[in-house]
Amino acid sequence: MRRAIALSRRALATESGPPFGAVIVRNGEIIGEGSNHVHVNNDPTAHAEIMAIRHACATLKTPYLDGAILFSSSEPCPMCMSAIYWSRIAAVHFSTDRHAAAQAGFDDLALYKELERPCNKRRISMTQTIPEEGQVTFEIWKNDCRAAIQTQLNEDDGTM
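Thresholds applied
- Residues numbered from 1 in each chain as written.
- Predicted model: local features only at pLDDT ≥ 70, side-chain atom pairs only at ≥ 80, totals over all residues.
- Heavy atoms only, no water.
- Helix = DSSP H or I, 4+ residues; strand = E, 2+ residues; numbered from the N terminus.
- Buried < 20%, exposed > 50% of the residue type's maximum accessible area, 1.4 Å probe, protein only.
- Contact = heavy atoms within 4.5 Å.
- Areas by Shrake-Rupley, 256 points an atom, 1.4 Å probe, with all protein chains shown as cover.
- Lys, Arg positive; Asp, Glu negative; His and termini not counted.
- Charge placed at Lys NZ, Arg CZ, Asp CG, Glu CD.
- Pairing = 2+ DSSP bridges.
- Right-handed = clockwise from strand over helix to strand, strands pointing away.

### Looking at the overall build of the protein chain
At step 1: The helix and strand inventory of the protein chain stands at seven helices and four strands.
At step 2: Projected onto its principal axes, the C-alpha positions of the protein chain cover 50 × 40 × 35 Å.
At step 3: Burial analysis of the protein chain (160 residues in total) assigns 29% to the buried set.
At step 4: Counting contacts in the protein chain only where the partners sit at least 6 residues apart, residues at least 24 apart contribute 45% of the total.
At step 5: Total accessible area on the protein chain is roughly 10,700 Å²; 54% of this is exposed by carbon and sulfur atoms.
At step 6: When the 16 positive and 19 negative side-chain charges of the protein chain are each reduced to one mean point, those points stand 5 Å apart.

### Focus on the side chain of S35
At step 1: Its place among the elements puts S35 in strand β2 (residues 29–35).
At step 2: On the basis of relative accessibility, which here comes to 2%, the residue S35 falls in the buried class.
At step 3: With near-sequence residues (within four places) excluded, S35 lies in contact with L7, R10, A11, S16, F20, G21, A46, A48 and M51.

### Structural notes on the pairing of strand β3 (residues 69–74)
At step 1: Note that strand β1 (residues 21–26) and β3 share four bridges and pair antiparallel. Bridge pairing in β3 places A22 opposite S72.
At step 2: In the sheet, β3 pairs with strand β4 (residues 91–96) via five bridges, with the strands oriented parallel. Counterpart to S72 in the pairing with β4 is F94.
At step 3: In this region the chain leaves β3, passes through helix α4 (residues 78–87) and returns to the parallel neighbour β4; the handedness of that crossover is right-handed.

### Considerations on the pairing of β1
At step 1: Of all the six residues making up β1, five are buried; the element is thus mostly covered by neighbouring parts of the structure.
At step 2: As judged from the six bridges shared by β1 and β2, these two strands associate in the antiparallel manner. In the sheet register, A22 faces β2, and the bridge partner there is G34.
At step 3: Between β1 and β2, which pair antiparallel and follow one another directly, the connecting turn spans two residues, one of which, N27, has a positive phi of 55°.

Structural measurements only, silent on function.
This is how it looks when you write it as structure tokens:
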């Protein structure tokens with residue numbers, strides 16, 4: 001955790017982005033780390049957790065981080081939590097929570113509420129267009145007997 005906090009301080013000192021840091025550990029070894037690079041990379045997805053996931057996946061040459069633990073200087077935002085689930089990280093430890101981050105100006109509450117709304121009620125217009133044509137690629141995938149294994153989240157009971 002102290003390494004994640006040090007990375008958040010480095011982001012602040014180098015002005016690469018807001019003060020967030022993350023470290024991913026598996027079997028007692030750091031396999032990835034990152035600090036916020038939103039501003040320096042002009043990339044709104046370059047959050048510390050995303051950067052750490054990218055680093056760990058590149059290190060292990062796999063999109064899956066089964067058994068890994070992520071240490072974050074702050075509670076991950078909804079985007080980062082999605083990436084954590086997609087990458088199959090087993091556990092997350094964080095230092096400050098979303099309420100402390102909100103007091104510093106990083107308030108994700110509106111985003112959490114937005115994601116709960118039906119698509120047609122969101123602030124960003126979302127319209128489904130030619131779904132039949134889009135479905136073709138999924139049919140090809142399914143007919144080739146491929147399996148979508150990105151997450152193993154069981155929606156019924158919330159277990160993985």
